[in-house]
Each structure stands twice: as structure tokens, then as C-alpha cells.
Amino acid sequence: MANFLLIFYIASACIDSYASEHNMMRNFKLFLMPALMAYLSFHANHDVLLYIALLLSWAGDVYLINKTKKNYQLGLISFMLAHISYGIYFIHPLPLTSLMFWVGVLLYGIAGCLYLKLILPVVPASFKKATIVYMITILFMSLMAYVNMIKTMNILSWLGSIVFLISDTLLS
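Given the structure is predicted, the values throughout are model-derived calculations rather than measurements.

Criteria and cut-off values
- Residues numbered from 1 in each chain as written.
- Predicted model: local features only at pLDDT ≥ 70, side-chain atom pairs only at ≥ 80, totals over all residues.
- Heavy atoms only, no water.
- Phe/Tyr/Trp six-rings, centres within 6.5 Å; stacked < 30°, edge-to-face > 60°.
- Helix = DSSP H or I, 4+ residues; strand = E, 2+ residues; numbered from the N terminus.
- Buried < 20%, exposed > 50% of the residue type's maximum accessible area, 1.4 Å probe, protein only.
- Axes fitted to C-alpha atoms, helices over the stretch in contact; angles between N-to-C directions.
- Parallel < 35°, antiparallel > 145°, perpendicular 65-115°, else oblique.
- Left-handed = near helix turned anticlockwise from the far one by under 90°.
- Contact = heavy atoms within 4.5 Å.
- Core = buried A, V, L, I, M, F, W, Y, C linked by side-chain atoms within 4.5 Å.

1. Quick look at the packing of aromatic side chains
For any pair of aromatic rings, geometry is given as the distance between the ring centres together with the angle between the planes.
Link 1 in the chain: What the rule picks out here adds up to five aromatic pairs.
Link 2 in the chain: The interplanar angle of 90° and the centroid separation of 5.7 Å between the aromatic rings of Y72 and F127 together place this pair among those described as edge-to-face. Of this pair, Y72 sits in helix α4 (residues 69–90) while F127 sits in the loop between α5 (99–119) and α6 (128–152), and the two are 55 residues apart along the sequence.
Link 3 in the chain: Measuring from centroid to centroid gives 5.0 Å for F101 and W102, while their planes differ by 80°, and the two rings are edge-to-face.
Link 4 in the chain: W102 gets classed as partly exposed once you look at its relative accessible area, which sits at 44%.
Link 5 in the chain: Grouped by ring-pair contacts, the aromatic residues Y108, Y146 and W158 constitute a single cluster.

Structure, rendered in C-alpha cells:
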């Protein structure tokens, strides 16, 4: 069953990517997070916070299907809460004296400043504050995935957060 879920997840992601590139209905987007949650439930005993984060990500996807201002705002809130949840999930005790921690903070700070310098001039005035808060939130999530990687030597979560940062930057 787990292999089927993984294949279903990958196929749904491919179909959704194709639909996105060709301005088609993105119905398979709705299957991504539930399939991932089901797949993860077969492989490890994950903290409930991870499932909450995935559920909030799924809610954000659902809200963004109907392109209204209210749904956009609800989607943004869902995604922001999801990234806070991911960040908390990734937190591992790492001494603040760790050089790797401060290198990460510096690099993420520089990346955030560069992103905001590029994106803020084209963001409508009414969305500037929300854009800054959202950027800080996703940088926090990715920084915590980086800290998790330092502690556990598991690079996959951190790489996933980097891919997310890049895709979110391109979409905005």
C-alpha cells in the first residue's frame, strides 16, 4: 500500500505540474498532501505536528482553488500557519554558540533581504506587510529544517525547504 501511495503522489505531482504549465485545471493538487500524509503514516511514527502542518498546507491549496480575495487571504494564513508548524517540528536543541547555526542565520538573513529587495517594489502597497511577514515565516521554517539537518545529518527535509523557497519565490 505504501508503494502505491508513493507512486500516486509522484503521478499526481507530475500531472499537477503539467496542468499548471498548460493553464489547465489543477484537480490533482488536492491529492498531494493527503497522499503524502498517508504515505508517511506507513513509514514512521511522526509527531502529530507534522500532520498538522501538512493538513494546513492542504487547506491552503484548497483555498487557492477558488481565486477570490477572501480565499487568497485564507490560503495565505493556512500556509503561514503550516510553515510555523513545520518550523516548530524541525526545531532541535542546537547551542546558540554553534558556528553552523550562526552561518545559517546569516545566510538566511541575506537571502531574505535580497528577496525582499527584489519583490517589494512590485508588490501592491496593501500586500507589503503580509509579504514581509510571510517571507520571515518561510525563512524561519527553512532555517529550522537547516538546524534539523545539522543535528540529524538528514538533508532531505532541508532540501525540500529550499525547493519550496525557490518555488514560492518564482510564484510570487
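2. Section: the packing of α4 against α6
Link 1 in the chain: Closest axis-to-axis distance for the α4/α6 pair is 8 Å, and the angle between their directions is 25°. The angle between α4 and α6 places the two elements in the roughly parallel class. Of the two elements, α4 crosses α6, and the hand of that crossing is left-handed. Where α4 approaches α6, its residues L76, F79, M80, H83, I84, Y86, G87, I88 and F90 are matched on the opposing element by A130, V133, Y134, T137, I138, F140, M141, M144, A145 and N148.

3. Considering the nonpolar core
When a protein is soluble and globular, its nonpolar side chains tend to lie buried together.
Link 1 in the chain: Core analysis: the largest hydrophobic core is formed by 31 residues, its most contacted members being L54, Y86, F90, Y108, L116, M135 and Y146.
Link 2 in the chain: Elements represented by at least two residues in this core include exactly α2 (29–43), α3 (48–65), α4, α5 and α6.
Link 3 in the chain: Ranked by residue count, the leading element in this core is α6, at 12 residues.
Link 4 in the chain: If near-sequence neighbours (up to four positions away) are discounted, Y86 is found in contact with L50, A53, L54, S57 and M141.

Fair warning: the whole summary comes from geometry, so function is off the table for now.
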